[in-house]
Amino acid sequence: MKNLLIAILCVATTIAFAQEKEENNKWTSSRPDGHAPISVMADHTHHKGEFMFSYRYMTMDMRQLRQGTNDASTADGHTNYMVAPLDMVMNMHMLGVMYAPSDKITIMAMANYLENDMNLQMRNGNLFSTNTSGLGDVSVSALYSIFNKNRHAMHAQVGVNIPTGSIEEKNILPVSMGNAVQLPYPMQTGTGSFGANLGLTYLGQCDKFSWGHQLSGMININDNDQDYKFGNRYKLNNWIAAKAGENLSVSLRLEGVLVDEIDGSSELLNPMMVTTADTVNSGGTFINSGFGLNYMIVNGSLKGLRFATEISTPLYQDLNGIQLKQNYNLTFGLQYAFH
Ligand SMILES: [Cu+2]
C-alpha cells in the first residue's frame, strides 16, 4: 500500500515535471537507479551505438527439506527415497554483452559458468557429496523499445535459450561401485532444450525514485536428448529504488516466481534413489524479496562503470513434492557501458 502511494506520487510528479521541462522528459539509465537491482536481467535498453559489458557472480543457497509450505526433516526424505539432500550451493559466473544498433533495438547475449555442490545423506546415515561445474546455456535476445516519454519507458524482450550446457553430468557415488553415474536434474548445468525468453518491462522515474515492473517467461520448447523438458519459469518482478546522491541508489524488490514441474523423465535416473531424481519433486511457487545497492562512477576515465549487489530471500515458498528449501540468493555485478 505504501509502495503504491509512493508510485502514485512519483507518477503525479512525473506528469508535473514533464510539462515543465520538455527536453528532459525521457526515462534515463544514466543515474545509479537507472538500472534495476542487479539480479534483474534485460531491465534496460541502450542508445544507438552503445555497448555494455557485464559480469555477475551469483550464489544460490538451498538447505533443509520442505514439502509444500511445511518444513520437512531428512527422515521425511528417507520415507520414500534411499537418499535425501541436505543442502545445495550453486555459484554462477555470468558474462553479458549488450549492443544497440538503433535507439529502438538492443541486442543482448549472456553466457554463464556454473558450479553446483550438493551434500546428501543415505538412509544408513552415511554422508556424501556431489559436484559439477561447466558452461551453462547461452541466451541471445532482442529488446525492442516500445516507448520512452514523460519519464516512462517500456520495452519487450524476445530471445532464444541455446542448450550449450550439459545434461550428462556424472559422479562416482558411494553406491555406484566405482562407476560414474548420471546425476539428478538440479545438478546438471544446462537444460538440453531450446527455449524462448519473453519479457515485458515497464520503467518509471521521478527525481528521487525509479521503479519498474517486469513480466518474463522462460519457456522450454523441445524435449532434450534424454526425453524430458525442464519446467517453464514465469516471473513478475517489481522494484523501487531511491537515489541517495549522484553515485548511489538503494533498492527494494518483490518478485513472484512460478516454476513448472519437469515434463517427462530421464531413463538414466532411478526416481526411487534420491528425491532430486524424481520429477514430482520439481517446481513450485515463490515470493522473494530483495534488498540491493547500485553504485555508479559519474566522473573521470571510469565514467559509466557500475557496481551493484543484491541479497534476496523468499518470503513464501510452496514446493512441489519434497525439495530443498531456498535459503538466500546473493548477486554481485559489474557493468560498463560506452559508445
Ligand atoms: Cu546494458
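Residues numbered from 1 in each chain as written. Predicted model: local features only at pLDDT ≥ 70, side-chain atom pairs only at ≥ 80, totals over all residues. Heavy atoms only, no water.

Novice: Looking at this structure, I do not really get unusual backbone geometry. What am I missing?
Specialist: Peptide bonds are trans in most cases, and residues, glycine excluded, mostly fall at negative phi. Of note, the phi angle at Gln 64 is positive, near 70 degrees, even though the residue is not glycine. Despite not being glycine, Arg 151 has its phi angle at roughly 60 degrees, a positive value. Inspection of the secondary structure puts Arg 151 in the loop between strand E6 (138–149) and strand E7 (152–162). (Helix = DSSP H or I, 4+ residues; strand = E, 2+ residues; numbered from the N terminus.)

Novice: Just to check I follow, could you spell out a nonpolar patch on the surface for this structure?
Specialist: Together, Leu 248, Leu 252, Phe 291, Leu 293, Tyr 295, Phe 307, Ile 311, Tyr 328, Leu 330 and Phe 332 line one region of the surface with nonpolar side chains, adding up to about 830 Å² of accessible area. Among the elements of the structure, strand E14 (248–259), strand E16 (284–296) and strand E17 (305–338) are those that each provide at least two residues to the nonpolar patch. Per-element accounting of the nonpolar patch gives the leading share, five residues, to E17. (Patch = residues over 30% accessible without salt bridge, like charges linked within 9 Å, V, L, I, M, F, W, Y side chains within 5 Å. Areas by Shrake-Rupley, 256 points an atom, 1.4 Å probe, with all protein chains shown as cover. Salt bridge = Lys/Arg side-chain N within 4 Å of Asp/Glu carboxyl O.)

Novice: Looking at this model, I keep getting lost on the coordination of the copper ion. Mind explaining?
Specialist: For a metal with four tetrahedral donors the ideal donor-metal-donor angle is 109.5 degrees, whereas six octahedral donors ideally subtend 90 or 180 degrees. At the metal site, the copper ion is ligated by His 44 (NE2), His 46 (NE2), Met 52 (SD) and Met 98 (SD), and these contacts range over 2.0 to 2.4 Å. Viewed at the metal, the four donor atoms of the copper ion are separated by angles of 105 to 121 degrees, and the geometry they form is tetrahedral. Each donor residue of the copper ion belongs to the same chain, with the gaps between them written as H-x1-H-x5-M-x45-M. Judged by its relative accessible area of 2%, His 44 falls in the buried class. (Donors = N, O, S within 2.8 Å, 3.2 Å for Na, K, Ca; no water. Tetrahedral: all angles 85-135°; square planar, octahedral: opposite > 155°, others 65-115°. Buried < 20%, exposed > 50% of the residue type's maximum accessible area, 1.4 Å probe, protein only.)

Novice: How should the packing of aromatic side chains be read in this particular structure?
Specialist: Where two aromatic rings form a pair, the distance of their centres and the angle of their planes describe that pair. Per the stated rule, a full pass over the model turns up nine aromatic pairs. Centroid distance Phe 51 to Tyr 99: 4.6 Å. Interplanar angle 35 degrees. Geometry classified as tilted. Separated by 48 residues along the polypeptide, Phe 51 in strand E1 (residues 51–68) and Tyr 99 in strand E3 (residues 83–99) bring together distant segments of the chain. Accessibility expressed as a relative area gives 31% for Tyr 99, which makes it partly exposed. Each residue in the set Phe 51, Phe 53, Tyr 99, Tyr 336 and Phe 338 is aromatic and connected to the rest through ring pairs, giving one cluster. (Phe/Tyr/Trp six-rings, centres within 6.5 Å; stacked < 30°, edge-to-face > 60°.)

Novice: What should I look at first to understand the side chain of Arg 151 in this one?
Specialist: Residue Arg 151 is classed as buried on the basis of its relative accessible area of 10%. Within polar-contact distance, the side chain of Arg 151 engages the side chain of Asp 207 at 2.8 Å. (Polar contact = N/O pair within 3.5 Å; in protein donor to acceptor, adjacent residues only side chain to side chain.)

Novice: Just to check I follow, could you spell out the environment of Gly 231 for this structure?
Specialist: Tracing the backbone shows Gly 231 in the loop between strand E12 (228–229) and strand E13 (233–243). Owing to a relative accessible area of 13%, Gly 231 belongs among the buried residues under this scheme. Gly 231 sits 30 residues away from Glu 261 along the chain, and the two C-alpha atoms are 5.0 Å apart. Ignoring any residue separated from it by four or fewer positions in sequence, one finds Gly 231 in contact with Asn 220, Asp 260, Glu 261 and Ile 262. (Contact = heavy atoms within 4.5 Å.)

Novice: Help me out: how do you make sense of the confidence of the model for the protein chain in this one?
Specialist: Any residue range with low pLDDT should be treated as having predicted coordinates unsuitable for detailed reading. Averaged over all residues, the pLDDT of the protein chain equals 93, while 93% of them reach at least 70. Low pLDDT (under 50) marks residues 15–23, which in the prediction has three contacts with non-local residues, meaning those over four places away or in another chain. (pLDDT = per-residue confidence, 0-100.)

Novice: For this particular structure, what's the right way to read the pattern of salt bridges?
Specialist: Enumeration over the complete set of coordinates arrives at nine salt bridges. In this structure, Arg 253 and Glu 310 form a salt bridge, with 2.8 Å as the shortest nitrogen-oxygen distance. Within this pair, whereas Arg 253 is found in strand E14, its partner Glu 310 is found in strand E17, the two being separated by 57 residues in sequence. Judged by relative accessible area, Arg 253 falls into the buried class, the value being 5%.

Novice: Hey, could you run me through the environment of Leu 183 in this one?
Specialist: Examined against the element boundaries, Leu 183 turns out to sit in the loop between strand E9 (180–182) and strand E10 (195–205). With 116 residues separating them along the chain, Leu 183 and Asn 299 place their C-alpha atoms 49 Å apart. Excluding its chain neighbours within four sequence positions, the residues that come into contact with Leu 183 are Thr 130, Thr 132, Glu 169, Lys 170, Asn 171, Leu 173, Gln 188 and Leu 269.

Novice: How do you make sense of the pairing of E13 when you look at a structure like this?
Specialist: A regular strand places its side chains on the two faces of the sheet in alternate fashion. Bridge analysis of strand E11 (residues 209–220) against E13 gives 10 bridges, and the strand direction is antiparallel. Paired with Met 218 across the bridge in E13 is Arg 233. In this structure, E13 lies alongside E14, joined through 11 bridges in antiparallel fashion. The residue bridging Lys 243 from the neighbouring strand is Ser 249, located in E14. Turn length for the E13-E14 hairpin, with the two strands adjacent in sequence and antiparallel, is four residues, and the turn residue Gly 245 shows positive phi of about 100 degrees. (Pairing = 2+ DSSP bridges.)

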